[in-house]
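This is what each chain is made of:
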Amino acid sequence: MTRRLLLSYLSLAALVLLCLEIPLGFVYSRSERERVVNAAKDEAESVSAYASLSLSAGRAERDLPRRVVHCADRIGGKVVIVDAVGTLLATSHPRAAVMSSDLASRPGIAAALHGTSTVDVRTSTIGGVEYLSVAAPVRHTSGLQGAVWLTVPTRTVHERVHHVWLLLAFGGLGVLTAVAVVGFAIARWTGRPIRELERATHELAEGGRATPVTMTKGPPEVRRLATAFNRTAARLAHLLAAQRAFAGEASHQLKTPLAALRLRLENLEPNVSARGLGSLTAAVTETDRLSRMVEGLLAMARLEEDSASPAQVDVGAVCAERHRTWKPLFEQQRVSLVLFAGSVGPVLAVPGGVEQIVDNLLSNALRASPRDSTVTMELRLHVPARRALRDARPAWVDLHITDEGPGMTAEQRDRAFDRFWRAPGAPKGGTGLGLSLVQRLAHASGGEASLHAASSGGLDAVIRLPSTEPPREGQGPLGPLGPLGPGVDKASGQRRRVIPALRA
């Protein structure tokens, strides 16, 4: 904003200066030309009158040479006097071989010998005088006695006109400099409230508490805008705080009654007949589902309250640890859990975020996987092609968790991250909060979450996180083991059912 205001001030000042200085320069050039021409005409009339008196008194040979030399010295030019037939009577530069025939043929002298005064002025493109000559007749009561031809050098006039144009140019630059200094100060003063509003808006957009913008100076419109922003920010902060407080407090308050309800339902089991045992089991299942939903709400409330900054996380080590933890549970359900772990380096993630992401995705994959199927965990490093030596585009690490379950349609994958949404026909026990929490954790870590159809017919959940390790020379686009990535047979292109060595 400061730059635009300054450019506006300078453009307006430059336009005003051009409209004033260019006409002023031409007016001065014209007046200077007229002054020089009038001075030359007066000088020629003076020499003509003196020559007329000298010729009448018969002292032309004695007085005229001295007079023309004196006049030429005063004006710094040349003076020539001829008689009525064009014969040279006196000249200020006798060494110049001037012939009478040449003098009489000159247009100015020829016109003067016919009784007409002439002025020959040639000007330059900016109004300066390039050439000036004046011819005047020498008259007497007895008739025309000759002519005076006077030429004036134009260098002085030329220099004077150029000097004025330079003064106008430097004056304009000085005015523009002053306008730039004053305009910059005014632009900074005008833009300071806008910068304060921008800073507060960025703080609010980043999830922080926006500091109220104090506006005691500046344009009235900006002060009113700051007042409206402060009211909006305060209302938004109040609504968010109320939402977080309600989610947290409601979840905490629900945990104890749910635990008591489950305990009472379990205590009723010996007293329930075989015909009502199914209803009791369904009630216990729904109670467990409600408990998990409360835990999910608590996790999301804590995520919204904690604005932890992403830190370096060894995603390979986390995946290996979660693989060891979940593998016995998968084996109980007769589902294979396979990990393809390459050396992808650390990623940026919120503390504890990768663990929660992996746990939620593995839990969903286990519920959706049929017996004797396989769930695959795979890490891939994506390095964008460098188009320049200093290309700073970041690398990404993709975590794929793929199952062989029924999968989802494209429309269902688009809605899967909505809170409390569950796919039709989904296994019982889900709360509809797991994928929503996964997406929030991925976004808080600077990455993203997406769902794709797997080649095996199931679902491929992809979590992309920013890598903190600079790419090494010769590293393929999908990982350190080549373009197909770890765990893939280059000859056949098929995924190998081999679990690589995991770190302890």
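Each value, and the rule that gives it
- Residues numbered from 1 in each chain as written.
- Predicted model: local features only at pLDDT ≥ 70, side-chain atom pairs only at ≥ 80, totals over all residues.
- Heavy atoms only, no water.
- Salt bridge = Lys/Arg side-chain N within 4 Å of Asp/Glu carboxyl O.
- Helix = DSSP H or I, 4+ residues; strand = E, 2+ residues; numbered from the N terminus.
- Buried < 20%, exposed > 50% of the residue type's maximum accessible area, 1.4 Å probe, protein only.
- Axes fitted to C-alpha atoms, helices over the stretch in contact; angles between N-to-C directions.
- Left-handed = near helix turned anticlockwise from the far one by under 90°.
- Contact = heavy atoms within 4.5 Å.
- Nonpolar A, V, L, I, M, F, W, Y, C, P; charged D, E, K, R; others polar.
- Expected span 1.5 Å × (residues − 1).
- Pairing = 2+ DSSP bridges.
- Phe/Tyr/Trp six-rings, centres within 6.5 Å; stacked < 30°, edge-to-face > 60°.
- Core = buried A, V, L, I, M, F, W, Y, C linked by side-chain atoms within 4.5 Å.
- Polar contact = N/O pair within 3.5 Å; in protein donor to acceptor, adjacent residues only side chain to side chain.
- pLDDT = per-residue confidence, 0-100.
- Parallel < 35°, antiparallel > 145°, perpendicular 65-115°, else oblique.

A separate point is the pattern of salt bridges. Where charged atoms of side chains with opposite charge meet at close range, the side chains can pair. One pass over the full model with this rule turns up eight salt bridges. Residue aspartate 63 is joined to arginine 66 by a salt bridge in which the shortest nitrogen-to-oxygen separation is 3.3 Å. Pair noted here: aspartate 63 and arginine 66 are both in helix α2 (residues 60-75), with a separation of three residues, about one helical turn. With a relative accessible area of 52%, arginine 66 lands in the exposed category. Linking arginine 334 and aspartate 372 is a salt bridge whose minimum nitrogen-to-oxygen distance equals 3.1 Å. Here arginine 334, found in the loop between α8 (315-332) and β7 (336-340), pairs with aspartate 372, found in the loop between α9 (353-368) and β9 (374-382); they are 38 residues apart in sequence, far enough to count as distant. Judged by relative accessible area, which is 60%, aspartate 372 ranks as exposed.

Right, let's get into the packing of α8 against α9. It is at 10 Å that the axes of α8 and α9 come closest, and there the two elements cross at 35°. The two elements α8 and α9 cross, and the hand of that crossing is right-handed. Along its contact with α8, which presents Val315, Val318, Arg322, Trp326, Leu329 and Phe330, the element α9 presents Val354, Glu355, Val358, Asp359, Leu362, Ser363 and Leu366. Broken down by class, the residue content of the contact of α8 with α9 amounts to nine nonpolar, one polar and three charged.

We now examine α2. One full turn of an α-helix is made of 3.6 residues, so residues set three or four places apart face in the same direction. Helix length check: α2 (16 residues) gives 21 Å between terminal C-alpha atoms against 22 Å at 1.5 Å per residue, within 8%. Residues of α2 that are buried make contact with α1 (2-57), β1 (78-83), β2 (88-91) and β5 (143-152). After α2 finishes, the residue glycine 76 shows a positive phi value of roughly 70°.

A separate point is the pairing of β5. Taking burial as the measure, the ten residues of β5 include eight buried ones, the bulk of the element. Note that β1 and β5 share six bridges and pair antiparallel. Bridge pairing in β5 places valine 80 opposite tryptophan 149.

In this section: the sheet that holds strand β10 (residues 396-402). Within the open sheet, the five strands sit side by side as β7-β9-β10-β12-β11. Their pairing is mixed. Only two strands of the sheet have a single partner each, and these edge strands are β7 and β11 (448-453). Sheet twist, expressed as the average angle between the axes of neighbouring strands with direction ignored, equals 20°. The sheet contact formed by β11 and strand β12 (residues 459-466) spans six bridges and is antiparallel. What sits directly across from alanine 449, in β12, is isoleucine 463. Each of β7, β9, β10 and β12 is contacted by α9, which is oriented at about 25° to β10, the strand it contacts most. Its contacts with the sheet put helix α11 (residues 434-444) on β11 and β12, and the angle it makes with β11 is roughly 130°.

Counted under the stated rule, the structure contains two aromatic pairs. When the ring of phenylalanine 26 is compared with that of tryptophan 165, the centres are 5.5 Å apart and the planes differ by 80°; the resulting orientation is edge-to-face. With phenylalanine 26 in helix α1 and tryptophan 165 in helix α5 (residues 155-205), the pair connects residues that are 139 residues apart, well separated along the chain. Ring centres of tryptophan 326 and phenylalanine 330 lie 6.2 Å apart, and the angle between their planes is 70°; this geometry places the pair in the edge-to-face category. Of the two residues, tryptophan 326 and phenylalanine 330 both sit in helix α8, four residues apart, roughly one turn of that helix.

Below, the discussion takes up the nonpolar core. Grouped together as the largest cluster of nonpolar side chains are 45 residues, with contacts concentrated most on Leu362 and Ile463. Here this core takes seven residues from α9, the largest share from any one element. When neighbours within four sequence positions are excluded, isoleucine 463 is seen to be in contact with Ile357, Leu361, Val397, Asp398, Leu399, Val438, Ala442, Glu448 and Ala449. Of all hydrophobic cores here, the second largest spans 23 residues; its members include Leu64, Val134, Val152 and Val157.

With that settled, the discussion passes to unusual backbone geometry. Residue arginine 334 is not a glycine yet carries a positive backbone phi of 60°. When its relative accessible area of 47% is taken as the criterion, arginine 334 is described as partly exposed. Notably, aspartate 372 is not glycine yet its phi reads approximately 60°, a positive angle.

Attention now moves to the side chain of serine 369. Locating serine 369 in the fold gives a position in the loop between α9 and β9. Exposure remark for serine 369: the relative accessible area of 11% places this residue in the buried category. A polar contact is formed between the side chain of serine 369 and the backbone oxygen of alanine 365, at a distance of 2.6 Å. Not counting chain neighbours up to four residues away, the residues in contact with serine 369 comprise Val335, Val375, Asp403 and Glu404.

Turning our eyes to something else, we now look at the environment of arginine 413. Position of arginine 413 among the secondary structure elements: in helix α10 (residues 410-415). Separated by 40 residues in sequence, arginine 413 and alanine 453 place their C-alpha atoms 8.8 Å apart. Apart from residues no more than four positions distant in its own chain, arginine 413 is found in contact with Met408, Leu451, His452, Ala453 and Leu459.

This part is about the confidence of the model for the protein. Looking at the protein, pLDDT values average 76 and 77% of them are 70 or higher. At the level of individual helices and strands, the protein shows its lowest average pLDDT in helix α3 (residues 100-105), which scores 65, and its highest in β12, which scores 92. Counted against residues more than four places away or in other chains, residues 473-504, with its pLDDT under 50, gives 59 contacts.

Let us look at the environment of valine 182. With respect to the secondary-structure elements, valine 182 resides in helix α5. It is 9.3 Å that separates the C-alpha atoms of valine 182 and leucine 6, two residues lying 176 residues apart in sequence.

A separate point is the packing of α9 against α11. Remark: α9 packs on α11, axes separated minimally by 9 Å, with the N-to-C direction vectors making an angle of 150°. Judged on the interaxial angle alone, α11 and α9 are roughly antiparallel. In this structure, α9 crosses over α11, and the sense of that crossing is left-handed. Between α9 and α11, the residues in contact are Gly353, Gln356, Ile357, Asn360, Leu361 and Asn364 and Gly434, Leu435, Leu437, Val438, Leu441 and Ala442, respectively. For the contact of α9 with α11, the per-class residue count stands at seven nonpolar, five polar and no charged.

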